[in-house]
Amino acid sequence: MKILITSGRSFVALDFVRILQNHEIFVQESQEEHICKKSCYVRETLHTKSPKYFYVEYKKSISKFVKKRKIDIIIPTCEDIFYISQFRDEITELWVKILSDSFEKLRLLHSKKEVLHLSEWLWISIPQTKEFKEKKILKTYINSYPELKYVVKPQFSRFAHFISSNAITWSI
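### Observations concerning unusual backbone geometry
Of note in this structure, Ser7 is not a glycine but carries a positive phi near 60°. In this fold, Ser7 is placed in the loop between strand 1 (2-5) and helix 1 (11-19). We note that Lys70 has phi near 55°; this positive angle belongs to a residue other than glycine. Tracing the chain through its elements places Lys70 in the loop between helix 2 (55-69) and strand 4 (73-75). A relative accessible area of 60% means that Lys70 is categorised as exposed.

What follows is the structure, encoded as structure tokens:
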């Protein structure tokens, strides 16, 4: 089976490469240097432009590569899953299976706001939550309640980027 794994710079991509070593493995990456580059299990690397800045070119490169190499499965990792899910229906016409759900479902489950609504709907207990549209209002709120323990997160974030808190103590 021919498998294309995206985001060759990620450790999860390397894990997939190792797990699936008995297949014909291809890796996509937008950076020249990446962790999967030296793996003896990778047959070829598809270098693309960054989907964040060059979505159309990225989409064309993936589609062309899938067609030319007759890829059977695409395993999108990291943020690539959001880009590939947007053209998932188009590319599956090439008879490739994509291990991703729809963009709409991914967005729903990636949005902290939407997950909170979904949790409430499913009667899952969640911490008290407030939404602030402006940093100024958030700061005023926090300053008004100095005893309040809080965790502040953007609606969308990659891993733990842009999270602040006075409720978590970090120790090494």
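### Quick notes on helix 2
The terminal C-alpha atoms of helix 2, which comprises 15 residues, lie 21 Å apart, in line with the 21 Å expected from a rise of 1.5 Å per residue. Residues Tyr58, Ile62, Phe65 and Val66 constitute the buried set of helix 2. The buried residues of helix 2 occupy one face: seen down the axis, they fall within an arc of 100°. Turned more than 90 degrees away from the buried face of helix 2 sit Lys60, Lys64, Lys67 and Lys68, all of them exposed. Each element contacted by the buried residues of helix 2 is listed here: strand 1, strand 2 (24-29), strand 3 (42-47), strand 4, helix 3 (80-86) and helix 4 (88-91). After helix 2 finishes, the residue Lys70 shows a positive phi value of roughly 55°.

### Describing the side chain of Ser85
Within the secondary structure layout, Ser85 lies in helix 3. Among all residues touching Ser85, those that are not within four sequence positions of it are Ser100, Asp101, Ser102, Phe103 and Leu106.

### What about the packing of helix 5 (residues 103-110) against helix 6 (residues 112-121)?
Packing of helix 5 against helix 6 brings their axes to within 5 Å, and their N-to-C directions diverge by 85°. With respect to their mutual orientation, helix 5 and helix 6 come out roughly perpendicular. For the pair helix 5 and helix 6, contact is made by Leu108, Leu109 and His110 and by Lys112, Glu114, Val115 and Leu118, respectively. Residues that form the contact of helix 5 with helix 6 fall into these classes: 4 nonpolar, 1 polar and 2 charged.

### Overview of the nonpolar core
Formed by 15 residues in total, the largest nonpolar core has its most connected members in Leu4, Ile62, Val66, Ile71, Ile74, Ile91 and Val96. Among the secondary structure elements, those contributing two or more residues to this core are helix 2 and helix 3. A total of 4 residues in this core trace back to one element, the largest contributor, which is helix 2.

What counts and what doesn't
Residues numbered from 1 in each chain as written. Predicted model: local features only at pLDDT ≥ 70, side-chain atom pairs only at ≥ 80, totals over all residues. Heavy atoms only, no water. Helix = DSSP H or I, 4+ residues; strand = E, 2+ residues; numbered from the N terminus. Buried < 20%, exposed > 50% of the residue type's maximum accessible area, 1.4 Å probe, protein only. Expected span 1.5 Å × (residues − 1). Arc of directions from axis to C-beta. Contact = heavy atoms within 4.5 Å. Axes fitted to C-alpha atoms, helices over the stretch in contact; angles between N-to-C directions. Parallel < 35°, antiparallel > 145°, perpendicular 65-115°, else oblique. Nonpolar A, V, L, I, M, F, W, Y, C, P; charged D, E, K, R; others polar. Core = buried A, V, L, I, M, F, W, Y, C linked by side-chain atoms within 4.5 Å.

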